[in-house]
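# Summary of structural features
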Amino acid sequence: MSVLYGISEQIKSITLETYLQNEATVVDLPKIYGAQRALTSLTFGLSSLLLGGMADVFGVQYVFLLAGILLALAAVYIGVSSQSFPATYTDGHNA
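Source: prediction; values computed, not measured.

## Points about the overall build of the protein
Looking only at helices and strands, the protein has four helices and zero strands in total. Taken from the N to the C terminus, the helices and strands of the protein come in the order α-α-α-α. Classification of the 95 residues of the protein by burial places 6% in the buried group. Carbon and sulfur atoms make up 72% of the accessible area of the protein, which totals about 7,900 Å².

Written out as structure tokens, the structure reads:
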């Protein structure tokens, strides 16, 4: 499962980076990357505190179950919302 997660995470990262680099201006790109890194750090810290507390109260098994459910919901959301991407990105756009 870790191998599959790693591969899908890399595909997601490459797709996001390509999209940002194609759509953002040279001036805006550092601001976007800075905001992205700040939000990533903030959400990682807050989720560590929240899920750590939940693991203490409810048990680790239930926290992993919740994380799996959230991951499945995110996958469904991505599958449904992929229709909203421009055709140039879903039809084999060359970067």
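From this point, the discussion proceeds with the structure in view.
## Side note on the pattern of salt bridges
Taken as a whole, this structure holds one salt bridge when the rule is applied. As a salt-bridge pair, Lys 12 and Glu 9 come within 3.2 Å of each other at their nearest N and O atoms. Pair noted here: Lys 12 and Glu 9 are both in helix α1 (residues 2–23), with a separation of three residues, about one helical turn. Judged by its relative accessible area of 47%, Lys 12 is partly exposed.

## Concerning the confidence of the model for the protein
Looking at the protein as a whole, its pLDDT mean stands at 87, while 88% of the residues score no less than 70. Of all secondary-structure elements in the protein, the lowest mean pLDDT belongs to helix α4 (residues 87–90), at 60, while helix α2 (residues 29–58) reaches the highest, 94.

## So, the packing of α1 against α2
Remark: α1 packs on α2, axes separated minimally by 10 Å, with the N-to-C direction vectors making an angle of 145°. Between α1 and α2 lies a crossing whose hand is right-handed. On α2, the residues that touch Leu 16, Glu 17, Leu 20 and Gln 21 of α1 are Leu 29, Ile 32, Tyr 33, Gln 36 and Arg 37. A class-by-class count of the residues in the contact of α1 with α2 yields five nonpolar, two polar and two charged.

## As for the packing of α2 against helix α3 (residues 60–81)
The N-to-C vectors of α2 and α3 enclose an angle of 130°; their axes lie 7 Å apart at closest approach. Comparing the axis directions of α2 and α3 gives the class oblique. Contacts from Leu 51, Met 54, Ala 55 and Phe 58 in α2 reach Val 60, Tyr 62, Val 63 and Leu 66 in α3. Its residues assigned to classes, the contact of α2 with α3 comprises eight nonpolar, no polar and no charged.

What counts, and at which threshold
- Residues numbered from 1 in each chain as written.
- Predicted model: local features only at pLDDT ≥ 70, side-chain atom pairs only at ≥ 80, totals over all residues.
- Heavy atoms only, no water.
- Helix = DSSP H or I, 4+ residues; strand = E, 2+ residues; numbered from the N terminus.
- Buried < 20%, exposed > 50% of the residue type's maximum accessible area, 1.4 Å probe, protein only.
- Areas by Shrake-Rupley, 256 points an atom, 1.4 Å probe, with all protein chains shown as cover.
- Salt bridge = Lys/Arg side-chain N within 4 Å of Asp/Glu carboxyl O.
- pLDDT = per-residue confidence, 0-100.
- Axes fitted to C-alpha atoms, helices over the stretch in contact; angles between N-to-C directions.
- Left-handed = near helix turned anticlockwise from the far one by under 90°.
- Contact = heavy atoms within 4.5 Å.
- Nonpolar A, V, L, I, M, F, W, Y, C, P; charged D, E, K, R; others polar.
- Parallel < 35°, antiparallel > 145°, perpendicular 65-115°, else oblique.

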